[in-house]
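Commentary on secondary and tertiary structure
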Amino acid sequence: MDKPRILIVDDDPDLRRALNLRLRANHFETTYATDGFSAIAMAQKERPDLIILDVGLPAGDGFVVLDRLQQSAMLSCIPVIVLTARDPQATRDKILKAGAIAYFQKPADNGELLSTIRTVLSPAWPGTVAAS
Amino acid sequence: MNKQDNHVLLIEDNPGDADLVRLRLVEGKTGVEVACVNRLSDGLESLSHDSPALVLLDLNLPDSRGAETFRRVLNKAPGIPVVVLSGQDDEELALKAVHQGVQDYLVKGSFDSKQLARAMRYAVERQALLTSLDMSRKQQLQFKDQFLSHVSHELRTPLTSIHQFVTILLDGIAGPVSSEQREHLRTVLRSAQQLHTMINDLLDASRAESGKTQIEPRCIVIGDVIRSAVAMLQATADEKRVGLEMGLDSRLPLVCADPDRVLQVLINLVHNAIKFTPADGSVVVRACRAETDPDFAYISVTDTGRGISPEARPLIFERMYQDPAAIDDSRKGLGLGLYIARELVHLHGGRMWVESQLGHGSVFTFTLPMFSLAKLLAPAITTQGRLREAVSLISVELAPRISPAVGNWREMRARCLEVLRQCTLPDKDVLLPAMGSSGAGEIFLLVASADQTGAEVMMQRIGEQLERSPEVQSAAAVSISSKPVLLPREDLPLIKLVEETADRITGMCTEAIHRKAMFEHTALLSREWNGIETEKEQ
């Protein structure tokens, strides 16, 4: 079976590299985008199985990206996990309403993040049943 | 609101006094226009749509007298300067008015036009100054909040980088690590975690100060929260060889509190206790009911540390307080923990205090309001002065389809509550408030005045309704069950019968919440176990 592909969207190169290493070590394939605009372009081109999305981004922030994904019939089924430094009290509910399936504040616990990724990608997860 | 810079509102019921004021204003060439009313109610009415430059106020009016008069005007129009016109014999009252926010007073019959004009001018200037001071204070507070929120956001990014790369090294993703290197990396990780806690404390303290902390109280088993806190800090205690124990009253009631916030308070107190207790000492967390104060649960953390001096005791809950005598090892943190903890307890309507003797340890105690089931249940489980013939407890459990819960769990919970409300009768059934920890999953408990057959009909309806909700179906697995409540024999007074029934229902609820907690605990353990396995593989 092919390795699941994850699109990492973050403008901080160090965080991208770290996440990349962590995910590859856990048998995922990764691609990345550094701003909102290229995130959507990459999502269209690569059709990843999952997107890990930052909120504070140049050229279209996380909300814009979520909105664009939701509007596209083909991309709206890709699950999005938001990973951001923003205060959950102010942002969490808005993000989930915008269509993300999970919210993690940086620095996130690796175990929890990985277990959420695995569950979302597992065939039992109802969101991906519609996607396949 | 009409702002009228050259208008003065005169509230005065004596026509002679009113004319005199008008005359003085004309004499002084003030150029203001006077609107005169002779009742306070008319004055307040005028202030609700007009905003004059100043109010001249007589204190004794047909519909209000004395201090009440100026209080009501100040209340109605806090930004408008008020000058009181006082009688010869009530200067004392006028002074009191100045203390409470009136800008000035003039004694009737003893001021000339110049004095009146000057008093009015100064009153307007002082009020403008006050308003701008108040604005800048508010702006400063807002700026501070924004600044802290910005700073904490910016600090998190490099901190995340440190956290990520250290865990990458520790987990062996970048190659093998020697045991000495591992030891050093653990120190880096520990320091990064401390920084993380400090950033959170800074935000929490700032929120508490500006009254923005939110709590979501629910009905919880306090013992469960204590067990979680102890489990989380057991390793820290073991590392320092400090014993960490619990002493929980077996007939502990349900309390009404936000489980996440109570956990935060407990972690703070227990962490402090471990920090200030030497090796081979002990820390005990207790929870009990006090006979003298039946509306609150008492939770205490006792340590065998060196105690707190009487001089320091009143200071420890202050922000930034650090024990100057503390050895270097224990002086880590911002000194905000106890301040935040006490603010959180206050928000719940509880209290927090410390008892301590130098050299003999400390006891930190806080109280949380008890949840009274009897009061809530009485109308539903009684009818015509008697207990109903049959009562059942229906429990609706929602387990997230993936753990931790994702998607908008809160919205789903709201949808679920809506369904449950539709399926209950207001005077016969009681939907108990949110129960248990706010961890993964949710449990709703319903006390229904129904026998087993009735309960089954209700369960079926609830089940059908929930099945129709796509939000609920996609996020959670639902299981519904019911149990008849064993009712006490009717040879007791009604109050006792209700209390007895409430106690039994409390027992059943506690059991249901425990079952859920046990299940989650097992799930958590298996996840951790999987984590360990993957670590070994690498």
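Residues numbered from 1 in each chain as written. Chains lettered and ligands numbered in written order. Predicted model: local features only at pLDDT ≥ 70, side-chain atom pairs only at ≥ 80, totals over all residues.

Quick look at the overall build of chain B
Short version of the rule: Helix and strand labels come from DSSP, where a helix needs a run of H or I of at least four residues and a strand needs a run of E of at least two; each type is numbered from the N terminus. With C-beta atoms placed from the backbone, a residue is labelled by how many other C-beta atoms lie within 10 Å of its own: buried for 20 or more, exposed for 12 or fewer, partly exposed between the two. The contact rule is simple: place each C-beta atom from the backbone, and if two of them lie within 7 Å, those residues are in contact.
Of the regular secondary structure elements, chain B holds 14 helices and 18 strands. Every one of the 538 residues in chain B was classed for burial, and the buried ones make up 33%. Across chain B, contacts joining residues at least 24 apart in sequence account for 72% of those joining residues at least 6 apart.

Comments concerning the overall build of chain A
Helix and strand counts for chain A stand at six helices and five strands. Along its sequence from the N terminus, chain A presents helices and strands in the succession β-α-β-α-β-α-β-α-β-α-α. A burial count over chain A gives 38% of its 132 residues as buried. Sequence-distant contacts in chain A: of pairs separated by 6 or more residues, those separated by 24 or more amount to 58%.

As for the nonpolar core
Applicable threshold: Put simply, a nonpolar core is buried Ala, Val, Leu, Ile, Met, Phe, Trp, Tyr and Cys residues tied into one set by C-beta atoms within 7 Å.
Counting 81 residues, the largest nonpolar core has B:I222, B:L266, B:V270 and B:V447 as its most contacted members. Among all residues touching B:V270, those that are not within four sequence positions of it are B:A229, B:L233, B:V283, B:V285 and B:V301. Grouped together as the second largest cluster of nonpolar side chains are 38 residues, A:A43, A:V55, A:V65 and A:L66 included.

Side note on unusual backbone geometry
Following A:K106, the chain continues into A:P107 via a peptide bond in cis, with omega recorded as -10 degrees. In the Ramachandran plot, A:A59 falls in the positive-phi region, its phi being about 50 degrees despite a non-glycine side chain. Here A:A59 lies in the loop between β3 (50–53) and α3 (62–71). Unusually for a residue other than glycine, B:R241 sits at a positive phi of about 55 degrees. Tracing the backbone through its elements, the reader meets B:R241 in the loop between α7 (222–239) and β7 (243–248). Here B:R241 falls in the exposed class, since 11 other C-beta atoms lie within 10 Å of it.

Quick look at the sheet that holds strand β17 (residues 442–448) of chain B
Residue and element names in this part refer to chain B. We count it as follows: Any two strands are treated as partners once DSSP identifies two or more bridges connecting them. An axis is simply a line fitted to the C-alpha atoms; with a helix, the fit covers only the stretch in contact. Between two such axes, the angle follows the N-to-C directions and lies from 0 to 180 degrees.
Spatial strand order, β16-β17-β15-β18: four strands in an open sheet with antiparallel pairing. If you trace the sheet from one side to the other, it starts and ends with β16 (429–431) and β18 (476–484), each paired once. Looking at each pair of strands side by side, their axes are set apart by 15 degrees on average, direction ignored. Where strand β15 (residues 392–400) and β17 come together, seven bridges link them in antiparallel fashion. Along β17, the bridge assignment pairs S395 with L445. Across the face of the sheet, helix α12 (residues 452–467) comes into contact with β15, β17 and β18 while running at roughly 170 degrees to β18.

As for helix α8 (residues 259–275) of chain B
To keep it simple, the criterion reads: To estimate how far a helix should reach, multiply one less than its number of residues by 1.5 Å.
For α8(B), built from 17 residues, the straight-helix expectation of 24 Å at 1.5 Å per residue is met to within 8% by its first-to-last C-alpha distance of 24 Å. The buried fraction of α8(B) amounts to 13 of the 17 residues, a majority that puts the element mostly inside the structure.

So, the sheet that holds β7(B)
All names here are of chain B. Ordered in space as β7-β9-β10-β12-β11, the five strands form an open sheet in which the pairing is mixed. Each having just a single partner strand, β7 and β11 (352–356) make up the two edges of the open sheet. Each neighbouring strand pair of the sheet contributes to a mean axis angle of 15 degrees, computed without reference to strand direction. The strands touched by α7 are β7, β9 (282–289), β10 (296–303) and β12 (362–369); relative to β7, the strand with the most contacts, the crossing angle is about 170 degrees.

A short note on the confidence of the model for chain A
Using the following cut-off: The predictor attaches a confidence to each residue, called pLDDT, with possible values from 0 through 100.
Confidence along chain A averages 85 in pLDDT terms, with 92% of residues attaining 70 or more. Per-residue pLDDT stays below 50 along residues 127–132 of chain A; that stretch engages in eight contacts with residues further than four places along the chain or on separate chains.

Examining the packing of α7(B) against α8(B)
All names here are of chain B. Which entries qualify depends on this criterion: Each crossing gets its hand from how the near helix is turned against the far one by less than a right angle, where anticlockwise is left-handed and clockwise is right-handed. Throughout, the ten residues Ala, Val, Leu, Ile, Met, Phe, Trp, Tyr, Cys and Pro are labelled nonpolar, Asp, Glu, Lys and Arg are labelled charged, and all others, Gly among them, are labelled polar.
Running from N to C, α7 and α8 cross one another at 35 degrees; their axes reach a closest spacing of 9 Å. The interaxial crossing formed by α7 with α8 has right-handed handedness. Together, V225, I226, S228, A229, M232, L233, T236 and A237 of α7 and P259, V262, L263, L266, I267, V270, H271 and I274 of α8 make up the contact between the two elements. For the contact of α7 with α8, the per-class residue count stands at 13 nonpolar, three polar and no charged.

Looking at the packing of helix α6 (residues 179–209) of chain B against helix α9 (residues 337–347) of chain B
Residues and elements named next belong to chain B. As a reminder of what qualifies: Here the angle decides the label: under 35 degrees means roughly parallel, over 145 means roughly antiparallel, 65 to 115 means roughly perpendicular, and every other value means oblique.
The interhelical angle for the contact between α6 and α9, taken along N-to-C directions, is 45 degrees, at an axis separation of 10 Å. Between α6 and α9, the interaxial angle falls into the category oblique. Both α6 and α9 take part in a crossing whose hand is left-handed. Where α6 abuts α9, its residues D201, D204, A205 and A208 lie against G337, Y339, I340 and E343. For the contact of α6 with α9, a count of residues per class yields four nonpolar, one polar and three charged.

Here's the deal with the pairing of strand β5 (residues 104–107) of chain B
All names here are of chain B. The test is simple: Look down the strands so they point away from you; if the path from the first strand over the helix to the second goes clockwise, the crossover is right-handed.
Looking at chain direction, strand β4 (residues 82–86) and β5 are connected through four bridges and run parallel. Paired with V83 across the bridge in β5 is D104. One crossover worth recording links β4 to the parallel β5 by way of helix α4 (residues 91–99), and it is right-handed.

Focus on the environment of A:T91
Residues and elements named next belong to chain A. Of note, T91 is situated in helix α4 (residues 88–97). In this structure the C-alpha to C-alpha distance between T91 and V55, which are 36 residues apart in sequence, comes to 9.5 Å. Every residue in contact with T91, bar those within four places of it in the chain, is listed here: V55, T84 and R86.

Remarks on the environment of B:T157
Within the secondary structure, B:T157 sits in helix α5 (residues 113–170). Using a count of 19 C-beta atoms within 10 Å as the deciding quantity, one classes B:T157 as partly exposed. In contact with B:T157, not counting residues within four places along its chain, are A:D12, A:A85 and A:K106.

Observations concerning helix α5 (residues 110–121) of chain A
Residues and elements named next belong to chain A. What counts, and what does not: By construction, the arc corresponds to the directions joining the helix axis to the C-beta atoms.
Here α5 contains twelve residues, and its C-alpha end-to-end distance of 16 Å stays within 8% of the 16 Å for a straight helix at 1.5 Å per residue. Along α5, the residues that are buried comprise T116, I117 and V120. All buried residues of α5 fall inside an arc of 100 degrees around its axis, so they share one side.

Digging into the confidence of the model for chain B
All names here are of chain B. The predicted model of chain B has a mean per-residue pLDDT of 83, with 90% of residues at 70 or higher. Low confidence marks residues 526–538, where pLDDT is under 50. Its contacts with residues over four positions away, or in another chain, come to seven contacts. Reported for the predicted complex are a pTM of 0.64 and an ipTM of 0.85.

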